[in-house]
Amino acid sequence: MTTAAAFRAAPNGTWPAADTVILRNRSLRAGTDLKTLSRFGDPVWHIKPAHPDAPLNVSPLTWEHYPSDVQLPFKTFFLAALDHPYPSNPIIVQRGNERPSVSTFHYWFMDLQVFAEWLIGAGISRLCDVTEHHLDAYRAYVLALARKPGRKVDILAAVRTLWLYGTHLPSEGRLATGYPWPRASDDLKVPSGGRANKTPRIAPATMTALLAWALHVIEVVGPDVRDAWVAHHQMLAGTHASQAELHGLSKSERIARYITRCRREGTPLPGHRTDNGQRDINFSAIQRMLHAFTFTARQKRTLRESGLSIAEDTYVGQITGTLDGRPWQDSPIAVSELRNLIRMVAAACFVVLCYLSGARPGEVLNLRPGCRDTDEETGELLIVGRRGKGYDRASLPELPETEEEADQRPWVVVAPVHDAIALLESLGDYAFLFPASFTNPHTARPNDFNARQSESVTRDLEDFVEWINDTFSSPDAEVPIPPDPTKHLHASRFRRTLAYFIVRRPRGLVAAALQYAHVHTKVTLSYAGRDDSSWMDDIQLETLEMVLEQNDEDARLLETGEHVSGPAAGEYRHRVRRRARFAGRVVTAGRSVERLLDQANPNIHHGEGMTCVWRLETAACRKARLEAGLPAEDGPNEGECRSSCTNLAYTDRNIVEQRLLHKRWEAAAADRLSPRPLRDRAAALAESSRAVIEAHHASPSDTDPVTKEP
């Protein structure tokens, strides 16, 4: 962001001068040309330069939509709102010292247009002539409109905002009444929807495959596409290494040198298909390679008579990456497919970056090259960008409050996120990691000022899935990325889906050695802790849903005769029966979720082949960490689980898993090719599993009188 130079303000109590720059007191996007900024007298006000989110295309304020007789006072109001924070509200405490968001002006503009047109219809051309009677009449007019109740509330609220800014307006351009409708009746009130998260999760099968293939593309496909893309642009600029030997030569000499090189290297001439389907030499591609603008008929004949074969297409890059031991594509990368491949690689990078960071889509699209960082004290990997919600996206206190860094915030991330950013940075010199377009920048949204829009990213994601399924599917197998049964893939669904995986599958592999538990620690503690309560609300909501589903399933199985053994079997039955049923309740706020979770959570954790009925005082895993000098945890750590722990219980479901583990460990113990220590350990684990299975079947069905029904 950069700040526009100070411009002369009109004296208080007078109308602003026509040449007053409307964004004079607003921070502007980097690269904004101050000479092009809109001025008060312009018929169209472009306010997009003051919006911090590069992906958004903010609509201008077009004043021809307002009646000409009242344009001046309403223009003056909007200039005041751009210049000054919200004034104090006589009725409620209202965002003191906060400036209205630039995106808000579009809605105010539409809402106040209703008021402006009503004023002209009522024969009023000056705001100072509006009386209390007029306001009551306007309120009745709005309530009679065929609009939703929420829209009516907004339309009336815009008039209140107009009144609040009266101290910054000339006397002729302000409402001289009292605060409009201070005692609004119930017909102005709309029930609040609260903070209910209606964003659907992406189906686990779809998300798992989508992430896995995105990682594959970044690792395998991305480098080849990047090299081809860079080589293509170097050819266009005449800076490719193969063009160095052509400097100083005539066009005919370049052609002769090119033919000689192709013969020496066994390279065919670039080809393409003509309109009648015949293969022919792609002379345009050769012109780019030789940095020549045109060929004469004689020069084209020289190439035709060179004796060189003609390729199926015009290739610009080689395939070096492999999937399952085979090249990811049979033919080299052609120029004709390069644009789409770049878009697919960028889509893969977006999936990894957005999903594994927990950042909002707009926050990811706002990232610029150079956003990778590392915490000097902890070694944690970081990305530094601009927070996507909250007034002025307030910065962290530990960050320097400089003009460039005041709006920056860090996210702690995992290594694949840094890998994705590195690949994007290597694609070229762009102002954003995700510019408006890698391949076809438009003059209306130039890359140096705009990032890719969310709508375009949605299309990219859908095309990415289609491309993966078309390119890498096997005839006798299911598609690599199964479709999501709910709706189209939207990037806004990533955060909710990540919360689901963190809660439901904390040890599920993301890729290779990366685990969701690792992402959980970094994203939850390091991102959500940065004043982003909505992320913690997602985590709490997913946890509540999981607990309620688990409670219902545990109670149902217990009632139908599921057997439970182990030292904590009685406590397990007691907790399950005590919190077995949840009648249902609409949850719209994070605190409500937290309270319900406290009430419904029996602190029962189902692990692999065992169930932990958590009790802090008797937890063996916690004692082991304390004895090792490690920080204690407030929940079970399955990696530190001890078979002697009195918190353990075993359900019939656990015993099914124990039988599978017992067979696996017996096989490992009998493997003569395995080292003796590993075989001994497998034998001990097999014996421990056998003892658990036998004890389960030998134990009575109910040994704890506390849990007996009356």
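Higher on the page you've got the structure.
Residues numbered from 1 in each chain as written. Predicted model: local features only at pLDDT ≥ 70, side-chain atom pairs only at ≥ 80, totals over all residues. Heavy atoms only, no water.

**Side note on the side chain of Arg679**
Mapped onto the elements, Arg679 comes out in helix α20 (residues 676–698). In this structure, Arg679 is buried with no salt-bridge partner, the nearest side chain bearing the opposite charge being Asp680 at 6.4 Å. Not counting chain neighbours up to four residues away, the residues in contact with Arg679 comprise Ala668, Ala669, Asp671, Arg672 and Ser674. (Helix = DSSP H or I, 4+ residues; strand = E, 2+ residues; numbered from the N terminus. Buried < 20%, exposed > 50% of the residue type's maximum accessible area, 1.4 Å probe, protein only. Lys, Arg positive; Asp, Glu negative; His and termini not counted. Salt bridge = Lys/Arg side-chain N within 4 Å of Asp/Glu carboxyl O. Contact = heavy atoms within 4.5 Å.)

**Some words on the pairing of strand β12 (residues 381–385)**
Counting buried positions over the five residues of β12 gives four, a clear majority of the element. Sheet topology places strand β11 (residues 372–374) next to β12; three bridges connect them, and they run antiparallel. Bridging across to β12, Arg372 finds its partner in Ile383. Across five bridges, β12 lies against strand β13 (residues 409–413) in antiparallel orientation. Note that in β13 the partner of Ile383 across the bridge is Trp411. (Pairing = 2+ DSSP bridges.)

**A look at the packing of aromatic side chains**
Here the structure, examined in full by the defined rule, presents 27 aromatic pairs. The interplanar angle of 65° and the centroid separation of 5.2 Å between the aromatic rings of Trp63 and Tyr66 together place this pair among those described as edge-to-face. Taking relative accessible area as the criterion, Trp63 reaches 1% and is therefore assigned buried. Here Phe115 and Trp118 contribute two aromatic rings whose centre-to-centre distance is 6.5 Å and whose plane-to-plane angle is 10°, an arrangement assigned as stacked. In this pair, Phe115 and Trp118 are both assigned in helix α2 (residues 102–121), three residues apart and thus about one turn of the helix distant. The exposure class assigned to Phe115 is buried, which follows from its relative accessible area of 0%. The exposure class of Trp118 is buried, given its relative accessible area of 15%. Seen from the ring of Phe40, Lys75 lies directly overhead, with NZ or CZ sitting 5.7 Å from the centre. For Lys300, the ring lying beneath its charged end belongs to Phe283, and the centroid distance is 5.3 Å. (Phe/Tyr/Trp six-rings, centres within 6.5 Å; stacked < 30°, edge-to-face > 60°. Lys NZ or Arg CZ within 6 Å of the ring centre and 35° of its normal.)

**A closer look at the packing of helix α5 (residues 204–237) against helix α12 (residues 454–471)**
Their axes nearest at 11 Å, the elements α5 and α12 cross at an angle of 75°. With respect to each other, α5 and α12 are oriented roughly perpendicular. Residue-level contacts link Leu210, Trp213, Ala214, Val217 and Val221 of α5 to Phe464, Val465, Trp467 and Ile468 of α12. For the contact of α5 with α12, the class distribution of residues is nine nonpolar, no polar and no charged. (Axes fitted to C-alpha atoms, helices over the stretch in contact; angles between N-to-C directions. Parallel < 35°, antiparallel > 145°, perpendicular 65-115°, else oblique. Nonpolar A, V, L, I, M, F, W, Y, C, P; charged D, E, K, R; others polar.)

**A closer look at the sheet that holds strand β17 (residues 604–606)**
Spatially, the four strands line up as an open sheet ordered β16-β19-β18-β17, and their pairing is antiparallel. Each edge of the open sheet is held by one strand with a lone partner, namely β16 (564–565) and β17. Here strand β18 (residues 611–613) runs beside strand β19 (residues 648–651); their pairing, made up of two bridges, is antiparallel. Looking at the pairing, Thr611 lines up with Ala649 of β19. Across the face of the sheet, helix α19 (residues 652–669) comes into contact with β17, β18 and β19 while running at roughly 85° to β19.

**What about the pattern of salt bridges?**
According to the stated counting rule, one finds 23 salt bridges in the structure shown. Of the charged contacts, one joins Asp83 and Arg24 as a salt bridge, the two residues approaching to 2.5 Å between their closest N and O atoms. Residue Asp83 is found in helix α1 (residues 71–83), and its partner Arg24 is found in the loop between β1 (2–3) and β2 (27–28); the two are separated by 59 residues along the sequence. Grouping residues by exposure puts Asp83 and Arg24 together as buried. Here Asp463 and Arg343 are joined by a salt bridge, their closest N and O atoms 2.9 Å apart. Of this pair, Asp463 sits in helix α12 while Arg343 sits in helix α9 (residues 335–357); the two residues are 120 residues apart in sequence, bridging distant segments of the chain.

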